[in-house]
Amino acid sequence: MTITTTPGVLPADDLRLAKTPSRISWGAIFASVVLAIAVQLVLGILGTGIGLTLVDPVEGTTPGAAGFGIGAGLYWIVTTIIALGAGGYAAARVAGVHDRFDGLVHGLVVWGVTLILTLYLLTSAVGGIIGGAFRTVGSVATAAGTGIGAAAPKVADVAGVDTGDVREEAAAYLSDAPSDPAQMTAEQAQKEVAKQLPALARGGPDGARAESRIVDIVAAQRKIARPEAQAQVTRAKAQFVKTKDETIATAKSATDTAAGAAAGTSFMVVIALLIGAAAAGAGATAATRRRI
């Protein structure tokens, strides 16, 4: 059988065997990722040096936290644009693409791989720190589970404290105070009042009994009438409740502020990442246009 071929046209079998060249050059992409990360690191170190020059411990001139944070954020965005723009540009140039869409894809893939690799490195570092912390906590818990009698000598040996002194001190803390407030020393009275405060804070029948006990102690220690002692305890209790409410309100306000700041930071990070993607794509398409 005779096969007729037309000049410039491959036979059918050759067409089936011919391979379509890949439109993605992974070698160029990984090389550009390395370049982008290196540029980011260099610019980050440079920014740290610039920030340290703004601190003058002798004169006491230091930028405000808000202004310094805004400046650092803007600098990070600028360095991200430069690094990813250079990475996208290098990817398109090294890959030798002649189509703008192919160049854009190379730039976006550089951005994606850089982002994934950066997150992996950060997660690995944080995971190592957390793992070390959990291992430390686990060791402490294991030591505590062996019992006070076994753990106390170990702790005492590490601290350089005699075990006998530790036991004597523990016995002194655990000794019962006299039931009669008039027979208590000042230190015993303070410990007994501190012992009753949790029940007083909870309120209810236990709180009423704790308050009565505290009134008896105050009256005996200050040698005043019980009604006067009751008035003093009532005022102290009111001040305690006021302080507790103020502390709770402050904690709630701080939590709301922190949540708002975290939300704002998250939005800023997303915007910065999108800007980085745009920079990588723009750099790649710019390189593609130069090769047309």
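The helix and strand inventory of the protein stands at nine helices and zero strands. Starting at the N terminus and walking to the C terminus, you meet the elements of the protein as α-α-α-α-α-α-α-α-α. Relative to its full complement of 292 residues, the protein shows a buried share of 21%. Counted over contacts in the protein with a minimum sequence separation of 6, partners at least 24 positions apart contribute 66%. Put simply, the protein shows about 19,700 Å² of open surface, and 68% of that area lies on carbon and sulfur atoms.

Our focus in this paragraph is the pattern of salt bridges. In the structure shown here, the tally under the stated rule is five salt bridges. Residue Glu211 is joined to Lys237 by a salt bridge in which the shortest nitrogen-to-oxygen separation is 3.4 Å. With Glu211 in helix α8 (residues 204–222) and Lys237 in helix α9 (residues 226–291), this pair connects stretches of sequence that are 26 residues apart. Overall, the relative accessible area of 16% leaves Glu211 in the buried class. Of the charged contacts in the structure, one is a salt bridge between Asp216 and Arg226, with a shortest N-O distance of 2.8 Å. You can see Asp216 sitting in helix α8 and its partner Arg226 sitting in helix α9, a full ten residues away along the chain. Judged by relative accessible area, which is 28%, Asp216 ranks as partly exposed.

Over its 17 residues, helix α7 (residues 186–202) extends 25 Å from the first C-alpha to the last, a length consistent with the 24 Å expected when each residue adds 1.5 Å. Gln196 marks where α7 bends most, by close to 30°; the proline Pro198 follows one to four residues later. Three or more residues of α7 are buried, namely Ala189, Glu192, Gln196, Ala199 and Leu200.

This next bit is on the nonpolar core. Where a protein is soluble and globular, its nonpolar side chains tend to be buried together. Listed in full, the nine residues of the largest apolar core are Ala199, Leu200, Ala210, Ile214, Val215, Val218, Ala219, Ala229 and Val233. Contributing elements (two or more residues each) for this core: α7, α8 and α9. At five residues, α8 tops the list of elements feeding residues into this core. Sequence-distant contacts of Ala199, that is, excluding residues within four places in its chain, are made with Asp206, Gly207 and Ala210. Core analysis: the second largest hydrophobic core is formed by five residues, Ile29, Val33, Ala91 and Val109 among them.

This part is about the side chain of Asp102. Looking at the secondary structure, you find Asp102 in helix α4 (residues 100–145). Those residues in contact with Asp102, other than ones at most four positions away along the chain, are Arg23 and Val97.

Packed helix pairs are specified by the crossing angle of their axes together with the interaxial distance, meaning the distance between the axes. Close contact between α7 and α8 brings their axes to 7 Å; oriented N to C, the two are set at 155°. The angle between the axes of α7 and α8 places the two elements in the roughly antiparallel class. The handedness of the crossing between α7 and α8 comes out as left-handed. Residues Ala186, Ala189, Glu192, Val193, Gln196, Leu197, Ala199, Leu200 and Arg202 of α7 pack against Gly204, Asp206, Gly207, Ala210, Glu211, Arg213, Ile214, Ile217 and Gln221 of α8. Residues belonging to the contact of α7 with α8 are distributed by class as follows: nine nonpolar, four polar and five charged.

Here we take up the confidence of the model for the protein. Confidence along the protein averages 75 in pLDDT terms, with 68% of residues attaining 70 or more. Put simply, helix α1 (residues 12–17) is where the protein has its lowest mean pLDDT, 46, and helix α2 (residues 26–53) is where it has its highest, 88. This stretch, residues 12–20, has a pLDDT under 50; its non-local contacts, to residues over four places away or in other chains, come to one contact. Segment residues 147–152 is flagged for pLDDT under 50; beyond a separation of four residues in sequence, or across chains, it makes three contacts in the model.

Turning our eyes to something else, we now look at α8. Count 3.6 residues to each turn of an α-helix, and residues three or four apart come out pointing the same way. Compared with an ideal rise of 1.5 Å per residue, which puts 19 residues at 27 Å, α8 spans 27 Å between its outermost C-alpha atoms and is within 8% of the ideal. Among the residues of α8, Gly207, Ala210, Glu211, Arg213, Ile214, Val215, Ile217, Val218 and Ala219 are the ones counted as buried.

For Lys223, which is not glycine, the phi torsion reads 55° and is therefore positive. The residue Lys223 is located in the loop between α8 and α9 in this model. Of the residues examined, Lys223 reaches a relative accessible area of 73% and is grouped as exposed.

Each value, and the rule that gives it
Residues numbered from 1 in each chain as written. Predicted model: local features only at pLDDT ≥ 70, side-chain atom pairs only at ≥ 80, totals over all residues. Heavy atoms only, no water. Helix = DSSP H or I, 4+ residues; strand = E, 2+ residues; numbered from the N terminus. Buried < 20%, exposed > 50% of the residue type's maximum accessible area, 1.4 Å probe, protein only. Contact = heavy atoms within 4.5 Å. Areas by Shrake-Rupley, 256 points an atom, 1.4 Å probe, with all protein chains shown as cover. Salt bridge = Lys/Arg side-chain N within 4 Å of Asp/Glu carboxyl O. Expected span 1.5 Å × (residues − 1). Bend = angle between axes of the 7 residues up to and from the residue. Core = buried A, V, L, I, M, F, W, Y, C linked by side-chain atoms within 4.5 Å. Axes fitted to C-alpha atoms, helices over the stretch in contact; angles between N-to-C directions. Parallel < 35°, antiparallel > 145°, perpendicular 65-115°, else oblique. Left-handed = near helix turned anticlockwise from the far one by under 90°. Nonpolar A, V, L, I, M, F, W, Y, C, P; charged D, E, K, R; others polar. pLDDT = per-residue confidence, 0-100.

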